[in-house]
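# Structure assessment
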Amino acid sequence: MLAVLSPGQGSQKPGFLIPWLELPGAEARLRWWSALAGVDLVHLGTAADADEIKDTARTQPLLVAAALLAAEHLPMHDVALVAGHSVGELGAAALAGVLSAEAAVTLAGVRGREMAAACALEPTGMAAVLGGEPDEVLAAIEAHGLHPANRNGTGQIVAAGAVAGLEKLAAEPPAKARVIRLQVAGAFHTPYMAPAEAALAGVAAGITPADPARILLSNLDGSAVNHGREMVQRLVRQVTAPVRWDLCMRTLADLGVTGVVELPPAGTLAGLVKRELKGDGAPEIVTLRTPDDLPAARDLIARHSGLHGHEPVIQFRVVVSPAAGTFEPLAELAEGADLRAGQVIGQVATRQGPVEVTAHHSGLLTEWLAHQDDPVAPGQPLARIGGQN
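Residues numbered from 1 in each chain as written. Predicted model: local features only at pLDDT ≥ 70, side-chain atom pairs only at ≥ 80, totals over all residues. Heavy atoms only, no water.

As annotated in an unreviewed UniProt entry, the protein chain carries the name [acyl-carrier-protein] S-malonyltransferase and comes from Micromonospora viridifaciens. As stated in UniProt under Catalytic activity (unreviewed entry), the record for the protein chain gives "holo-[ACP] + malonyl-CoA = malonyl-[ACP] + CoA". (UniProt positions renumbered as here; feature names shortened; annotations may be inferred.)

If you want it as structure tokens, here you go:
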């Protein structure tokens, strides 16, 4: 299985879009998206210095635009799974077909401006806590009135909150851990961003999303999201909710992902995946930094997609598991049955109770991909729907 990943804030570098603008139509595309985002994406991706592209209001639409620009040159119809880190989720949602590219870039512009405005309300910040026992690190973060804003993998938790609390955490780090202050404008993914969440919700309410055409993972809990409206709600909620990239990587492992392409500005997520998914099952990774990397990315997709270019993903729909547990399909539903959108086709028995599985499109139940009492992971394909009515 092949996954395409869209990076988040902090991965940008001065001039990283210069080679991409040599591709036909790229500059015109960026100028159109600039009008929607309210920032000059061409300038930011080519001539702006590090301080200018560190500005949250500018960085967020720049990152989403860069990912979408590069993805236009990949055979995305052969990609089974997409995910993004923080603002990168907007790019992933567009690649999954939930949002149009224009909607994703527009929302990134609003998100960036409103989060920058929220940062200016009071002095807050973020710090990476490296090492230590996770429970002890989380307890120390809470003890200083801070929030665990990002959990990026083993041994890396990002604390966020008031500057005074961050200073106390740095002065009294958890055992076997070190604290590194991050050069960011404020406490992202915490309640301090509540004004930004409210503003983004007001704009997002006017969007008509589609359901995902491929597996789309959520930063909230690492699970696959089946419905477009739910994904938009999660994108809004993500402004104040922690980024659980560790759970997204766990789902990549659970699904047996064998190939990963990271979109530009690539490198950060590839590094996290390499550290987390090691050993014999480690995925092959291509970091798509410049157009020169496109052939390698296309080759990786061809070898790991499992689709071999015969049928685009959008020609069928895959129903995926909403949670980890044991699958229980409806006994009366046989392959070949007509399904309607919203129809319950089974449930996943979890420790917290049963979770319904529904068909998010009408069509024929062409194939069960999981069967009675099969253990399933979040995002695992359960059934295939085709022959749309």
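Before going further, it helps to examine the overall build of the protein chain. Summing up its helical and strand segments, the protein chain has 12 helices and 17 strands in all. For 389 residues, the compact-globule estimate of 2.2 N^0.38 gives 21 Å, and the C-alpha radius of gyration of the protein chain, at 21 Å, lies within 12% of that figure. Taken over the C-alpha atoms alone, the protein chain extends approximately 60 × 50 × 45 Å along its principal axes. Partitioning the intrachain contacts of the protein chain with sequence separation of at least 6 by distance along the chain shows that 72% fall at a separation of at least 24. Surface exposure of the protein chain reaches about 15,800 Å², of which carbon and sulfur atoms provide 52%. Across the protein chain, the centroid of the 28 positively charged side chains sits 4 Å from that of the 41 negatively charged ones. (Helix = DSSP H or I, 4+ residues; strand = E, 2+ residues; numbered from the N terminus. Rg over C-alpha atoms; globule rule 2.2 N^0.38 Å. Contact = heavy atoms within 4.5 Å. Areas by Shrake-Rupley, 256 points an atom, 1.4 Å probe, with all protein chains shown as cover. Lys, Arg positive; Asp, Glu negative; His and termini not counted. Charge placed at Lys NZ, Arg CZ, Asp CG, Glu CD.)

A word on the sheet that holds strand E16 (residues 375–376). Reading across the sheet, the 4 strands line up as E14-E13-E11-E16 and stay open at both edges, with antiparallel pairing between neighbours. The open sheet has two edge strands, strand E14 (353–358) and E16, and neither has a second partner. Pairing of strand E11 (residues 325–329) with strand E13 (residues 344–350) involves 4 bridges; the strand directions are antiparallel. Counterpart to threonine 326 in the pairing with E13 is alanine 349. (Pairing = 2+ DSSP bridges.)

Okay, the UniProt feature "domain: Malonyl-CoA:ACP transacylase (MAT)" (unreviewed entry) in the protein chain next. As recorded in UniProt, the sites labelled "domain: Malonyl-CoA:ACP transacylase (MAT)" (unreviewed entry) are residues 5–292. With 42% helix and 15% strand, residues 5–292 has its two end C-alpha atoms placed 18 Å apart.

Let's shift gears to helix H10 (residues 245–254). When you tally the buried positions in H10, you get 7 out of 10 residues, the bulk of the element. Buried-residue contacts for H10 involve strand E1 (2–6), strand E2 (81–84), strand E4 (147–153) and helix H11 (268–276). (Buried < 20%, exposed > 50% of the residue type's maximum accessible area, 1.4 Å probe, protein only.)

What follows covers the pattern of salt bridges. Overall, the coordinates contain 10 salt bridges when judged by the stated rule. Arginine 244 is the salt-bridge partner of aspartate 246, the closest N and O atoms lying 2.8 Å from each other. Comparing aspartate 246 with arginine 244, the two get one shared label, buried. (Salt bridge = Lys/Arg side-chain N within 4 Å of Asp/Glu carboxyl O.)

Before going further, it helps to examine the environment of alanine 324. Its place among the elements puts alanine 324 in the loop between strand E10 (317–320) and E11. Counting along the chain gives 305 residues from alanine 324 to proline 19, while the straight-line C-alpha distance between them is 42 Å. Beyond its immediate sequence surroundings of up to four residues, alanine 324 is in contact with Val348, Ala349, Thr350, Val376, Ala377 and Pro378.

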